[in-house]
Amino acid sequence: MANSIATFKKYIDLLDEVYKQASLTAVLESDATLARAGANANEIVIPKLSMQGLANYSRNSGYVNGDVTLTNETVQFNYDRGRAFSVDAMDNEETVGVAFGKLSSEFIRTKVVPELDAFRFAKLAENNGYTVTGATLATGEAVLTAILAAASAMDENEVPADSRILFITPSLYNSIKALDTTKSREALEGFEQIVKVPQSRFYTVIDLLDGTTSSEEAGGFTKDTSGKEINFMVVHKPAVLQFTKHTVNKVITPEENQQADAWKFCYRAYGLEDVYENKKAGIYVHAKA
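Residues numbered from 1 in each chain as written. Predicted model: local features only at pLDDT ≥ 70, side-chain atom pairs only at ≥ 80, totals over all residues. Heavy atoms only, no water.

(A) Structural context of the sheet that holds strand β7 (residues 193-196). Strand order in the open sheet made by the five strands is β5-β13-β10-β6-β7, with mixed pairing throughout. In this open sheet, the two strands that pair with only one neighbour each are β5 (130-133) and β7. Here the strands of the sheet are splayed against their neighbours by 10° on average, with no regard to which way each runs. The sheet contact formed by strand β6 (residues 164-168) and strand β10 (residues 230-236) spans five bridges and is antiparallel. (Pairing = 2+ DSSP bridges. Helix = DSSP H or I, 4+ residues; strand = E, 2+ residues; numbered from the N terminus. Axes fitted to C-alpha atoms, helices over the stretch in contact; angles between N-to-C directions.)

Right under this line is the structure:
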């Protein structure tokens, strides 16, 4: 029994590593020290600072007093998903552990990560500061023009040039690379990072299936009927509120399982995806019609 426990402690670490390698939105994770816990367990408090601008200086009376306001914005966690699987002890033994080992790793790689990315992109699209829809990007030149327009829009809104990340579909990215011009290279070099996102997890609106309702037993997510396919998204990282508060990979051995002679794998993810209210200009979305 001791050897079994030690083995799965090591395996849990590997499961976490699978997520870090596969997730496309992990780069946006926020610094948890910038927020504090709210009055309720399902919320955090974000400080917001506002102040008055300059006023005329008087040589007689000196400075005009200004007001500084520090308020707290309460944000609730908006992602809480989980699933449990059982593998009969004999099925696992007769496959030399492949049945259980493959189940858990493939579940995270093919189900958890794509859904989490899709949810985060949809939430960012919902809280963007600037959206372009309906434009056809049939050529690399059209894609390049659209990206330069996004950069200009952010510049006009005084979004800092550093920490901008370009999320783009592989086909559009490759169409720009195929141009191989000085202009295209300079445009791509203007981003801190470029992340290629498969269209299958790049929508403005998605539906999370509950896993119990008729026709939703399969769980996972689907594109909402009102959703649009995203061509690319420019994200200024400091504008994003992304916290993974609780992630559980729980393994229950057949000896510990009180319901069946089976290995049981339980997974739960609980977190937040949002945008600072005053920084929505840091999210630019370009979507199809």
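(B) Focus on the pattern of salt bridges. Summed over the entire model, instances satisfying the criterion amount to ten salt bridges. Taking the shortest distance from any N to any O, the salt bridge between K288 and E229 comes out at 2.9 Å. In this pair, K288 sits in the segment after β13 (283-287) while E229 sits in the loop between β9 (221-223) and β10, placing the two residues 59 residues apart along the sequence. The exposure class assigned to K288 is partly exposed, which follows from its relative accessible area of 31%. (Salt bridge = Lys/Arg side-chain N within 4 Å of Asp/Glu carboxyl O. Buried < 20%, exposed > 50% of the residue type's maximum accessible area, 1.4 Å probe, protein only.)

(C) Fine view of the packing of aromatic side chains. In the structure shown here, the tally under the stated rule is ten aromatic pairs. Ring plane angle 65° and centroid distance 4.9 Å describe the contact between F121 and F202, whose orientation is recorded as edge-to-face. Here F121, found in helix α3 (residues 98-126), pairs with F202, found in the loop between β7 and β8 (206-208); they are 81 residues apart in sequence, far enough to count as distant. F202 carries the same exposure label as F121, and that label is buried. Taking the centre distance of 6.3 Å and the plane angle of 5° together, the rings of F232 and Y284 count as stacked. Placement of the pair is F232 in strand β10 and Y284 in strand β13, with a sequence separation of 52 residues. Exposure remark for F232: the relative accessible area of 0% places this residue in the buried category. Through pairs of rings, three or more aromatic residues link up here, namely F85, F107, F265 and Y267. (Phe/Tyr/Trp six-rings, centres within 6.5 Å; stacked < 30°, edge-to-face > 60°.)

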